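# Results of the structural survey
If you want the building blocks of each chain, they are given just below.
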Amino acid sequence: MKKTLAILLAFLMVLAMCAGAIADEKLYIPVVSKGFQHQFWQTVYAGAQKAAQDYNVDIYFDGPASETDVDVQVEMLKSEMAKKPKALALAALSTDAVMSELQECIEKGIPVIGFDSGVPNAPEGAIKATASTNNENAAALAADKLMEQEGFVDMLKAATADKPVVIGVISQEAVSASIVGRTTGFVNRMTELAGAHNTVSVTGHDLWKNEVKDAGVIINVQVSATTQVTDLVSTSNAVLNLDGLKAVFLSNENAVTGFLSATADGSDLAKGGRYDGLMVAGFDAGASQKNAVRNGWFIGSVTQDPYMIGYYAVELAVKAANGEEVHDVDTGAQWYTAENIDDEMISMLVYD
């Protein structure tokens, strides 16, 4: 009897130890990125680490050395799937290249969370949610900030059809979903806000054109012939020569580069310069854009929030792994100026 009891107690102790080990085992979330070395991806990583800490999970975060290394990313994904994760996060360099892995995730019930550019055109049901910047909302922020500039609203109110206020918009292309979204977001928001004070007409590129007679405010959208700097400079010069030009929105870093080249590296925007008083709002970061913001040549610029992209990617993956219903998340954007560019929570978002 005593021997039987001892065996039973030992068995129960083993069960308790196994149960404890299972309870202590952390959820493991692979996060496969499009890159790793660039500051943007390092900031995504920092956000992912914070979410892992908050949710008490372990993560793997890595990406290829170059965003052209599709095969390297595929091997990373295969290696992580071999570990049988309960969920994973993916920013695919090529959806076509990972089709078989995505199909495997569907078959095995592994929820996949897209992040940043996500996994466009993935098989139905493969991607449970995506954590990414809503580019329309982000660009609308630039329109909001322009309206806050001293004297801007009064200028809109005073504009007439004979002497309209012109707001230029420069995009490097009209194909990329992110760039089109930014242009659309700015144009729509500025049309709404300026329309509260005057009649607005949108001219220029056919994709956004909405011409209205006798408008006091004209939003002129110009798209570069190519993404080459020389063509972006030509497009910038065309906008700079518009009569009545008072403000410009630049939809990405390449548009900024072309615009700065057209304005003597931005010095023409300085006090006393050729375009002194022109209100310029940018999007993205990069050394030249940051310099323009620091010098006050731009009123400010919009940046994505890669920290929150990483945070939400992990958060959504944890929730999906636990069987919770998840939905796409707008990871937001930040407005940076000469006054806040060195703030801790802004400086890590504005990469070179």
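Look up: the structure comes first, before these words.
What this report covers is the structure whose coordinates are included nearby. Because the structure is a prediction, the values reported are computed rather than measured.

## Focus on the nonpolar core
Judged by nonpolar contacts, the single largest core of 55 residues is most densely connected at Phe 115, Leu 250, Phe 259, Leu 278 and Phe 298. Broken down by element, the residue count for this core peaks at eight residues, all from helix α11 (residues 306-321). Setting aside residues no more than four positions away along its own chain, Leu 250 makes contact with Ile 170, Ala 255, Val 256, Phe 259, Val 280, Ala 281, Gly 282, Phe 283 and Phe 298. Grouped together as the second largest cluster of nonpolar side chains are 32 residues, Ala 138, Val 180, Ala 194 and Val 217 included.

## Topic: the packing of helix α8 (residues 229-240) against helix α9 (residues 253-262)
Relative orientation of the contacting elements α8 and α9 amounts to 65 degrees, with a least axis distance of 8 Å. One way to sum up the angle between α8 and α9 is to call them roughly perpendicular. Relative to α9, the crossing made by α8 is right-handed. In this structure, α8 uses Val 229, Leu 232, Val 233, Ser 236, Asn 237 and Leu 240 to contact α9, whose residues at the interface are Asn 254, Ala 255, Thr 257, Gly 258, Phe 259, Ser 261 and Ala 262. Classifying every residue of the contact of α8 with α9 gives seven nonpolar, six polar and no charged.

## Brief notes about the pairing of strand β7 (residues 200-204)
Most of β7 sits inside the fold, with four of its five residues counted as buried. In this sheet, strand β8 (residues 217-223) lies alongside β7 in parallel orientation, the contact comprising five bridges. Across the sheet, the residue bridging to Ser 201 is Ile 218, located in β8.

About the criteria used
Residues numbered from 1 in each chain as written. Predicted model: local features only at pLDDT ≥ 70, side-chain atom pairs only at ≥ 80, totals over all residues. Heavy atoms only, no water. Core = buried A, V, L, I, M, F, W, Y, C linked by side-chain atoms within 4.5 Å. Buried < 20%, exposed > 50% of the residue type's maximum accessible area, 1.4 Å probe, protein only. Helix = DSSP H or I, 4+ residues; strand = E, 2+ residues; numbered from the N terminus. Contact = heavy atoms within 4.5 Å. Axes fitted to C-alpha atoms, helices over the stretch in contact; angles between N-to-C directions. Parallel < 35°, antiparallel > 145°, perpendicular 65-115°, else oblique. Left-handed = near helix turned anticlockwise from the far one by under 90°. Nonpolar A, V, L, I, M, F, W, Y, C, P; charged D, E, K, R; others polar. Pairing = 2+ DSSP bridges.

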